[in-house]
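Each chain, written out:
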Amino acid sequence: MHVQRRALLGAAGSAVALAATPAFAQWQPSERYPDPAVQVLDPSFNRYRLVLAGVERLYNGARWSEGPVWMGDQRALIWSDIPNNRMLRWHETTGRTDVFRSPSNNSNGNTRDRQGRLITCEHLTRRVTRTEPDGSITVIAARFDNKPLNSPNDVVVKRDGSIWFTDPPFGILGFYEGETATPELPTNLYRVDGQTGAIQVMTGDVGRPNGLAFSPDERILYVVEAAATPRVIRAFDVSGEGAQTRLANNRIFFQCREGETPDGFRVDVDGNLWCGWGMGTAELDGVRIINAAGASIGHIRLPERCANLAFGGRHRNRLFMTASHALYSLYVNTQGVAGG
């Protein structure tokens, strides 16, 4: 991991430190515990709330924050600032933020594979890439059926090393998060075999698939359907291994109400979904926690919409939340599952 840490640091080029902006002063954390921003919607959520932990703002100054991933060997959180065509990195040891990669090809979702390598979805190049230990970039997927992908959005890695990603058209609908282009493929969900690199369509039955994550035992795959109004979170049963992996029993796991807009999400070791939330009204902005039965049990209020999140820290018990302009964190009494 020490070799990889040096390589990834070098891959960033000349890192430019970004000081906390004056906008920091416009948001104040709660002065008291328990933090009123951490809301209990069902008593079962109390076990996951730390009464002596509150929401912290770590950085402000992005244009549209997405795709956080914890890099434990760097003790850092990397995320995408899509319209600014860069990836940012917040350092746990110093509390400072620098530019990890610029240009980033309008990167969106990020994760790590089971070897600790950075996996990135890129809007501009319409591909999924892997950053190697020496800093070079390997293309994981860019085309299917001899046609370019739309704009890979979010990504997770399964225990078998396979890479799963969603491919809605958001990055080619305008020039804000990529460049305008005509879609040539349906908005599929894909699997890339971790051994052979073969790419296959796992389902084309989710309209504009967005965030995705596996249950702790990887027997269920959850996917946000962005084309639905209001949005829904779908669930699939996962069976088989390798190229024989299949999805079945497509069903609605969570039906959103008007204004509820889940985007990216991650799952904890108890099977709860921690979902980026908001867009409708200010009261909805933040993170919604949904248990494995599909019931809302908690909400973390933020002053802006949260697009995505990741568990990090040494024990994967610190929730990092990429909201519109900022990066927030909250220690919680659970751990995120590996691979997300």
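Residues numbered from 1 in each chain as written. Predicted model: local features only at pLDDT ≥ 70, side-chain atom pairs only at ≥ 80, totals over all residues. Heavy atoms only, no water.

Peer 1: What's the story with the overall build of the chain in this structure? I'm lost.
Peer 2: Within the chain, the secondary structure is distributed over one helix and 28 strands. For the chain, the C-alpha radius of gyration of 18 Å lies close to 20 Å, the compact-globule estimate for 340 residues. Dimensions of the chain along its principal axes, counting C-alpha atoms only, are 55 × 45 × 35 Å. In the chain, buried positions account for 57% of the 340 residues. In the chain, once contacts between residues fewer than 6 apart in sequence are set aside, the share between residues at least 24 apart is 48%. When the 37 positive and 35 negative side-chain charges of the chain are each reduced to one mean point, those points stand 3 Å apart. (Helix = DSSP H or I, 4+ residues; strand = E, 2+ residues; numbered from the N terminus. Rg over C-alpha atoms; globule rule 2.2 N^0.38 Å. Buried < 20%, exposed > 50% of the residue type's maximum accessible area, 1.4 Å probe, protein only. Contact = heavy atoms within 4.5 Å. Lys, Arg positive; Asp, Glu negative; His and termini not counted. Charge placed at Lys NZ, Arg CZ, Asp CG, Glu CD.)

Peer 1: Explain the layout of surface pockets here, please?
Peer 2: Space left empty within the atom packing is revealed by a probe, the size of a water molecule, rolled over the atoms. Size it by volume and the second largest pocket reaches roughly 240 Å³. Trp 64, Phe 170, Glu 177, Asp 263 and Arg 305 are the residues nearest the centre of the second largest pocket, which is lined by 13 residues in total. Per-class residue counts for the lining of the second largest pocket are four nonpolar, four polar and five charged. (1 Å grid on protein atoms, 1.4 Å probe; cavity = no way out; pocket = protein on both sides within 12 Å on 5 of 7 lines; lining within 4 Å. Points joined across faces, edges and corners; volume = space filled by probe spheres on them. Nonpolar A, V, L, I, M, F, W, Y, C, P; charged D, E, K, R; others polar.)

Peer 1: Looking at this structure, I do not really get the UniProt feature "domain: SMP-30/Gluconolactonase/LRE-like region" (unreviewed entry) in the chain. What am I missing?
Peer 2: According to UniProt, the positions carrying the feature "domain: SMP-30/Gluconolactonase/LRE-like region" (unreviewed entry) are residues 64–324. This span, residues 64–324, is 0% helix and 49% strand, and a straight line between its end C-alpha atoms measures 5 Å. (UniProt positions renumbered as here; feature names shortened; annotations may be inferred.)

Peer 1: How do you make sense of empty space enclosed by the protein when you look at a structure like this?
Peer 2: Taken as a whole, this structure holds one cavity of 30 Å³ or more when the rule is applied. Volume-wise, the largest cavity comes out at about 50 Å³. Forming the boundary of the largest cavity are Val 38, Phe 45, Tyr 48, Arg 49, Leu 50, Ala 53, Leu 330, Tyr 331 and Val 332. The residue makeup of the lining of the largest cavity, split by class, is eight nonpolar, no polar and one charged.

Peer 1: Just to check I follow, could you spell out the pairing of strand β11 (residues 137–141) for this structure?
Peer 2: Regular strands show a simple pattern: their side chains alternate between the two faces of the sheet. Strand direction decides the pairing type here: strand β10 (residues 127–131) and β11, joined by four bridges, are antiparallel. By the bridge assignment, Val 128 is partnered in β11 with Ala 141. Connecting β10 to the next strand, β11, in antiparallel fashion are five residues, including Gly 135 with a positive phi near 90°. (Pairing = 2+ DSSP bridges.)

Peer 1: Would you mind going over the packing of aromatic side chains with me for this structure?
Peer 2: By convention here, two paired aromatic rings are described through the distance between centres and the angle between planes. In this structure the tally under the stated criterion is 10 aromatic pairs. Judged by centre distance (5.2 Å) and plane angle (25°), the rings of Phe 165 and Tyr 190 are stacked. Highlighted residues: Phe 165 in strand β15 (residues 163–166) and Tyr 190 in strand β16 (residues 189–192), separated in sequence by 25 residues. Put simply, the rings of Phe 45, Trp 274 and Phe 311 touch in pairs and so form one group of aromatic residues. (Phe/Tyr/Trp six-rings, centres within 6.5 Å; stacked < 30°, edge-to-face > 60°.)

Peer 1: Teacher, can you tell me more about the confidence of the model for the chain here?
Peer 2: One rule of thumb: low pLDDT means the predicted coordinates there are not for detailed reading. Chain-level statistics for the chain give a pLDDT mean of 93 and a share of 92% at 70 or above. Within the model, pLDDT remains below 50 along residues 1–15, and this stretch shows 31 contacts once partners closer than five positions in the same chain are excluded. Throughout residues 19–25 the model reports pLDDT below 50, and contacts reaching past four residues in sequence, or to other chains, amount to eight contacts. (pLDDT = per-residue confidence, 0-100.)

Peer 1: Please explain the sheet that holds strand β28 (residues 326–331) as it appears in this structure.
Peer 2: Within a sheet, adjacent strands bond to each other through the backbone by hydrogen bonds, running parallel or antiparallel. The strand order across the open sheet built from four strands is β3-β28-β27-β26, with neighbouring strands paired in antiparallel fashion. Since the sheet does not close on itself, it has two edges, and those belong to β3 (56–60) and β26 (306–312), each with one partner. Across the sheet, the axes of successive neighbouring strands diverge by a mean angle of 20°, strand direction being ignored. (Axes fitted to C-alpha atoms, helices over the stretch in contact; angles between N-to-C directions.)

Peer 1: I tried to follow the pattern of salt bridges on my own but got confused; where do I start?
Peer 2: When their charged atoms lie close together, side chains carrying opposite charge are able to pair. By the definition in use, this model includes 22 salt bridges. A salt bridge links Arg 130 to Glu 132, with the nearest nitrogen and oxygen atoms 2.8 Å apart. We classify Glu 132 as buried; its relative accessible area is 11%. Members of the salt-bridge network, linked through shared partners, are Asp 113, Arg 117, Arg 130 and Glu 132. (Salt bridge = Lys/Arg side-chain N within 4 Å of Asp/Glu carboxyl O.)

Peer 1: Help me out: how do you make sense of unusual backbone geometry in this one?
Peer 2: Glycine aside, a negative phi is what most residues show, and trans is what most peptide bonds show. With an omega of -5°, the peptide bond between Tyr 33 and Pro 34 qualifies as cis. Summarising the element assignment, Pro 34 is placed in the loop between β1 (17–18) and β2 (38–40). Here the bond from Thr 229 into Pro 230 is cis, since omega is -10°, no more than 30 degrees from zero. Residue Asn 85 is not a glycine yet carries a positive backbone phi of 55°. The phi dihedral of Glu 218 is positive, around 60°, even though this residue is not glycine.

Peer 1: Just checking my understanding: could you explain the environment of Arg 63 for this structure?
Peer 2: Mapped onto the secondary structure, Arg 63 falls in the loop between β3 and β4 (65–71). Residue class for Arg 63 comes out partly exposed when judged on its relative accessible area of 43%. Each C-alpha atom of the pair Arg 63 and Ile 172 lies 18 Å from the other, and the pair is 109 residues apart in sequence. Not counting the four nearest positions on each side in its chain, Arg 63 is found in contact with Asp 81, Pro 83, Asn 84, Tyr 176, Ser 324 and His 325. At 2.7 Å, the side chain of Arg 63 forms a polar contact with the side chain of Asn 84. (Polar contact = N/O pair within 3.5 Å; in protein donor to acceptor, adjacent residues only side chain to side chain.)

Peer 1: Teacher, can you tell me more about the state of the cysteines here?
Peer 2: Note on terminology: disulfide describes a covalent bond linking the sulfur atoms of two cysteines. Taken as a whole and assessed by the stated rule, the structure comprises zero disulfides. Of all cysteine sulfurs, the one in Cys 275 lies closest to Cys 256, which takes part in no disulfide; the gap is 8.1 Å. Residue classification places Cys 256 among the buried residues on the basis of a relative accessible area of 3%. (Disulfide = S-S within 2.5 Å.)

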